Amino acid sequence: RQKQRSKVAEKALRAPVHPPEDVFSLDVECIAVGQTHEKADREPCSLALVDGFGKTVLRQLIRPEKPIVSYLTPFTGLQAGDLDGGRAIGRNRAISELK
């Protein structure tokens, strides 16, 4: 009976297996637009979508709506000027392109 329970528990702990063509991973980086660690003081500045084969499907810089307080460079890899000159798009367009 104990062996039967452990098999059931083991099966329940296994991660589901999905074919790579059905798997995607989304990474969103944020910059600081305020002084606190609250959500309202962060805005997305880039996104990357990777498929189950590890291929980058979409990579986009996102222009913030509020003035930037910090690029949080150690986390985002971005510096002043990286979001300028038409390289970044608005958040709504980024969401549309992601869909």
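That block above? That's the structure.
The sections below set out a description of the structure shown in this document. Quick caveat: nothing in here was measured; it's all calculated off a predicted structure.

## Regarding the overall build of the protein chain
So, step 1. In terms of regular secondary structure, the protein chain is built from three helices and four strands.
So, step 2. Mapped from its N terminus to its C terminus, the protein chain presents α and β elements in the order α-β-β-β-α-β-α.
So, step 3. Classification of the 99 residues of the protein chain by burial places 26% in the buried group.
So, step 4. Total accessible area on the protein chain stands at roughly 7600 Å², and carbon and sulfur atoms take up 53% of it.

## Observations regarding the pairing of strand S3 (residues 56-62)
So, step 1. Relative to S3, strand S2 (residues 42-51) runs antiparallel, the two being bridged by five bridges. Within S3, the position partnered with Leu47 by the bridge is Gln60.
So, step 2. Connecting S2 to the antiparallel partner S3 that follows it, the hairpin turn spans four residues, and Gly54 within it adopts a positive phi of roughly 90°.
So, step 3. Pairing of S3 with strand S4 (residues 88-89), which is carried by two bridges, proceeds in the parallel orientation. Bridging across to S4, Leu61 finds its partner in Ala88.

## Concerning the sheet that holds strand S1 (residues 24-32)
So, step 1. An order of S1-S2-S3-S4 is seen for the four strands of this open sheet, with the pairing classed as mixed. Every interior strand has two partners, whereas the edge strands, S1 and S4, have only one.

## A look at the pattern of salt bridges
So, step 1. Under the counting rule described, the total for this entry stands at three salt bridges.
So, step 2. Of the charged contacts, one joins Glu43 and Arg91 as a salt bridge, the two residues approaching to 3.8 Å between their closest N and O atoms. With a gap of 48 residues between them, Glu43 in strand S2 and Arg91 in helix H3 (residues 91-98) connect regions that are remote in the sequence.
So, step 3. According to the relative accessible area criterion, Glu43 is buried, its value standing at 4%.
So, step 4. By relative accessible area, which is 29% here, Arg91 ends up partly exposed.
So, step 5. One salt bridge connects Glu97 with Arg93, and the closest N-O pair in it is separated by 2.9 Å. Here Arg93 and Glu97 lie together in helix H3, a separation of four residues that amounts to about one turn.
So, step 6. For Glu97, a relative accessible area of 36% puts it in the partly exposed group.
So, step 7. One network of salt bridges, with partners in common, ties together Glu43, Glu65 and Arg91.

## Observations concerning the side chain of Glu29
So, step 1. Relative to the assigned elements, Glu29 resides in strand S1.
So, step 2. Of the buried charged residues, Glu29 lacks a salt bridge, with Arg59 as the closest side chain of opposite charge at 7.6 Å.

About the cut-offs
Numbering of residues starts from 1 in each chain and follows the order in which that chain's sequence is written. With the structure being a predicted model, the display of local features is reserved for residues of pLDDT at least 70 and the display and counting of side-chain atom pairs for 80 or more, all residues being used for whole-chain, interface and lining totals. The side-chain quantities take in all heavy atoms of the structure and omit both hydrogens and water. Helix and strand labels come from DSSP, where a helix needs a run of H or I of at least four residues and a strand needs a run of E of at least two; each type is numbered from the N terminus. Burial status follows relative accessibility: with a 1.4 Å probe on protein chains alone, a residue under 20% of its type maximum counts as buried, one over 50% as exposed, and anything between as partly exposed. Areas reported as accessible are Shrake-Rupley estimates using a 1.4 Å probe. Residue values count occlusion only from the protein chains shown. Any two strands between which DSSP finds at least two bridges are classified as paired. Salt bridge, as applied in this entry: a Lys or Arg side-chain nitrogen positioned within 4 Å of an Asp or Glu carboxyl oxygen. We count Lys and Arg on the positive side and Asp and Glu on the negative side, and we leave His and both chain ends out.

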